[in-house]
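An overview of the molecular structure
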Amino acid sequence: MARDSQAALVALNRFGFGARGGASGDLINAASDPRGFVKAELARPNGVLLEAPGLQSTPQLGQAVFAYQDQVKQAREAAKEPAKETAKETTKAAAPAEAPADQKPGLRRNLSLSTVATEIAGQMAEAKPADTTAKPETMQSNIAAPPAAKPAPQPLNVIQKTFRAEALARLQRATLVECGFTERLVVFWSNHFCISASKGELARMWAGAFEREAIRPHVLGRFADMLKAVEQHPAMLFFLDNQQSLGPDSRAGQNRKRGLNENLAREIMELHTLGVGGGYTQEDVTSLARIITGWTFAGRQGQLGAPGSFVFNANAHQPGAQMLLGKTYQATGLAQGEAALGDIARHPSTANFVATKFVRHFVADDPPPALVEHLRDVFVKTDGDLKALATALVDSDEAWKAPLTKMRSPYDFLVASGRLLARVPEDPGGYLNNLNLLGQPLWTPAGPNGFPDTSAAWAAPEGMKLRLDIAAQMGARLGNNIDPLDLLEFAAADAASIETRKTIERAESRQQALALLLMSPEMQRR
């Protein structure tokens, strides 16, 4: 069978994260049967799951957060006592003997609380009050004072450790996997159903577990199952505040004089399923918000269930039947919301919205209408079978004929570079720092619509300058031991452009050549 290097480049860059360096032979393997190479991963559904030593379930992580927060609170309370005594002694010493009995040491109390705050943060040094009295020898000396020593880095807390462990597991999988098609599917769906780790400690603790538990098991399954897993996951409920949503006529709503929070209902319809213009109204959003009241997670006391686990709180659920998208859903508690999600997952607007985003991500910023229509039909006919959807994409001629013009996102770029350089990450710090620098912090989009998926978002001059800086750093660190022309053979072989090959050959050094390779269209476009 003739080898097609150009199709192999499409297989690896469009559907995966690029060729691995070393002795992987990825480009050669893909060139023999490009479509078969990509689809081979679809035959291994268990390969999508991510299990690694130390990675825990959402309830376990929730309990760890609650325990950590309790420890911080106890430490803060314990620190207040000696601080109060110090404030009292200071005030007593400074106050006249005839001071009124009801005089309050307000200023000193504020100062002591400030000291407590810095002490809890681990930043309190045994510093003496600054002596502001000018000394003659100091005034006459021209010798600069030595720079203050940098404070020792604080040990990572359990939330930071967990986030880094989850990040490392994801990065290692993306670096090691053969093609990377299923990992790219994970990235796509995780961004489609995104949460943000910046929401709070629970969100940061749960970000990786959310992807492992709600996304990965369903990447090659049914959309309706993924939708249910996502919307019932504590991370999503926390991110979009559904634990605060109370049915106005529920027992909890009446007792607390609080009502609906529509955040989750709105994003389910606008961002997760039907899409803007998908045929729903504000009344439908409110109705769905009522239907999913009571969807929450158990708190630290565990009154409703294991702390950190999904629970249905009947006392917070809005009673009665609800009308949604022209259909009445009877008052069946938890089942009412699950039935509504099932119908929304099968709505024609959902099929169109998902197909459009799918093609935009993999093929072109302006999705070819015929391919969108084809994938929409597959989605409808297979009842949202996501493996069938992915297979239909790979089998389509449009997905292979479209030029590689989409700009790699920062995550794609960094993973592709690591793969080509055969550098399996042992510490996620470098990746996480560079992702922050390039504007795509891991699991931390600015809003519920996720990170942008168009070239314009990532091809801005400032962003490209930062990529060049990172590529130059990689070149300076690794260039001495690597022949960039050999890497170009691993990455693209004879599919590499003449311009790219000549640019690398004319480089003044191996370090510069490696940086130019990493910034080439073969490495930046997919």
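Just so you know, these numbers come straight off a predicted model, no measurement behind them. Position labels on residues start from 1 in each chain and follow its written sequence. Given that the model is predicted, a residue must reach a pLDDT of at least 70 before its local features are reported, and side-chain atom pairs must reach 80 or more before they are shown or counted; all residues, however, enter totals for whole chains, interfaces and linings. Heavy atoms from the whole structure form the basis of all side-chain values; hydrogens and water molecules are not counted.

With respect to empty space enclosed by the protein
Only protein atoms enter the 1 Å grid used here, on which a cavity is any set of points holding a 1.4 Å probe that cannot leave and a pocket is any open set flanked by protein within 12 Å on both sides along at least five of seven lines; residues with an atom within 4 Å of a point are listed as lining. Grid points are joined across faces, edges and corners, and a volume is the space filled by probe spheres set on the points. Evaluation of the coordinates by the stated rule reveals 1 cavity of 30 Å³ or more. The volume enclosed by the largest cavity comes to roughly 50 Å³. What lines the largest cavity is simply Asn13, Phe17, Gly18, Ala19, Arg408, Ala416, Leu420, Ala491, Glu522 and Met523. By definition, any uninterrupted DSSP run of H or I lasting at least four residues is a helix, any uninterrupted run of E lasting at least two residues is a strand, and each is numbered from the N terminus. Breaking the lining of the largest cavity down by element, the ones donating at least two residues are α20 (410-420) and α27 (521-524). Under the convention adopted here, Pro, Cys and the residues Ala, Val, Leu, Ile, Met, Phe, Trp and Tyr are nonpolar, Asp, Glu, Lys and Arg are charged, and Gly plus all remaining residues are polar. Taken together, the residues of the lining of the largest cavity sort by class into 6 nonpolar, 2 polar and 2 charged.

A closer look at the pattern of salt bridges
Every case where a carboxyl oxygen of Asp or Glu lies within 4 Å of a side-chain nitrogen of Lys or Arg is listed as a salt bridge. If you walk through the whole model with that rule in mind, you get 27 salt bridges. A salt bridge links Arg20 to Asp26; its shortest N-O distance comes to 2.8 Å. The shortest N-O distance in the salt bridge between Arg222 and Asp383 comes to 3.0 Å. Within this pair, whereas Arg222 is found in the loop between α9 (201-215) and α10 (223-231), its partner Asp383 is found in the loop between α17 (369-381) and α18 (386-395), the two being separated by 161 residues in sequence. Through salt bridges with shared partners, a single network forms among Arg170, Arg173, Glu183, Glu211 and Arg216.

Describing the packing of aromatic side chains
Between rings of Phe, Tyr and Trp, where Trp is taken as its six-membered ring, a pair exists when centres lie within 6.5 Å; planes separated by under 30 degrees are stacked, by over 60 edge-to-face, and by other angles tilted. As enumerated under the stated definition, the model contains 18 aromatic pairs in all. When the centroid spacing of 5.3 Å and the interplanar angle of 80° are considered together, the rings of Phe188 and Phe358 count as edge-to-face. Placement of the pair is Phe188 in helix α8 (residues 181-192) and Phe358 in helix α16 (residues 348-362), with a sequence separation of 170 residues. Categorising residues by exposure relies on relative accessible area from a 1.4 Å probe, with only protein chains included: less than 20% of the type maximum marks a residue as buried, more than 50% marks it as exposed, and the intermediate range marks it as partly exposed. Under the relative-accessibility criterion, Phe188 is labelled buried at 5%. Pairing Trp295 with Phe310 gives two aromatic rings, centres 6.0 Å apart and planes at 80°, and the pair type is edge-to-face. With Trp295 in strand β1 (residues 295-297) and Phe310 in strand β2 (residues 310-312), this pair connects stretches of sequence that are 15 residues apart. With a relative accessible area of 24%, Phe310 lands in the partly exposed category. If you follow Arg184 out to its NZ or CZ, it ends over the ring of Phe17, 4.7 Å from the centre. The rule for a charge over a ring is simple: NZ of Lys or CZ of Arg within 6 Å of the ring centre, and within 35 degrees of the ring normal. When the ring centre of Phe163 is taken as origin, the NZ or CZ atom of Arg204, which lies over that ring, is 3.9 Å away.

Some details on the nonpolar core
Grouping buried Ala, Val, Leu, Ile, Met, Phe, Trp, Tyr and Cys residues that are joined through side-chain atoms within 4.5 Å yields what is termed a nonpolar core. With 132 residues, the main nonpolar core has Phe15, Phe181, Trp189 and Phe358 as its most contacted residues. For this core, the leading source of residues is α9, giving 9 residues. In contact with Phe15, not counting residues within four places along its chain, are Val10, Val38, Gly180, Phe181, Arg184, Phe362, Leu393, Val394, Ala399 and Trp400. What makes two residues a contact is simply this: any of their non-hydrogen atoms within 4.5 Å.

Things to note about the layout of surface pockets
Roughly 640 Å³ of internal volume is contained in the largest pocket. Together, 34 residues line the largest pocket, and Asn191, His192, Gly450, Phe451 and Pro452 are the ones closest to its centre. Residue assignment for the lining of the largest pocket shows that the elements contributing at least two residues are α8, α9, α16 and α20. Looking at the lining of the largest pocket, its residues break down into 19 nonpolar, 9 polar and 6 charged.

Here we look at the environment of Ala422
Positionally, Ala422 belongs in the loop between α20 and α21 (429-438). As for Ala422 and Leu176, which are separated by 246 residues in sequence, their C-alpha atoms are 8.7 Å apart. With residues up to four places along the chain from it excluded, the contact list for Ala422 reads Gly21 and Gly22.

A word on helix α15 (residues 334-345)
An ideal rise of 1.5 Å per residue puts 16 Å on 12 residues; α15 measures up with 17 Å between its terminal C-alpha atoms. For α15, the set of buried residues is Gln336, Gly337, Ala340, Leu341, Gly342, Ile344 and Ala345. Helix span is expected to be 1.5 Å times the residue number reduced by one.

Considering the confidence of the model for the protein
Overall, the prediction assigns the protein a mean pLDDT of 90, with 87% of residues at 70 or greater. Contacts from residues 97-143, a stretch scored under 50 in pLDDT, to residues over four places away or in other chains number 22 contacts. Looking at any residue, its pLDDT shows the predictor's confidence there, from 0 to 100.

A closer look at unusual backbone geometry
Positive phi outside glycine occurs at Leu325, with the angle close to 50°. With respect to the helices and strands, Leu325 occurs in the loop between β3 (322-324) and β4 (327-329). When its relative accessible area of 28% is taken as the criterion, Leu325 is described as partly exposed. If you check the backbone angles, Ala422 has positive phi at about 55° while not being a glycine. Since its relative accessible area comes to 48%, Ala422 is described here as partly exposed.

Brief notes about α21
All of the buried residues in α21 are Gly429, Tyr431, Leu432, Asn434, Leu435 and Leu438. Its buried side turned inward, α21 meets α7 (158-176), α20, α22 (455-458) and α23 (461-478). Positive backbone phi, approximately 90°, marks Gly439, located one or two places after α21.

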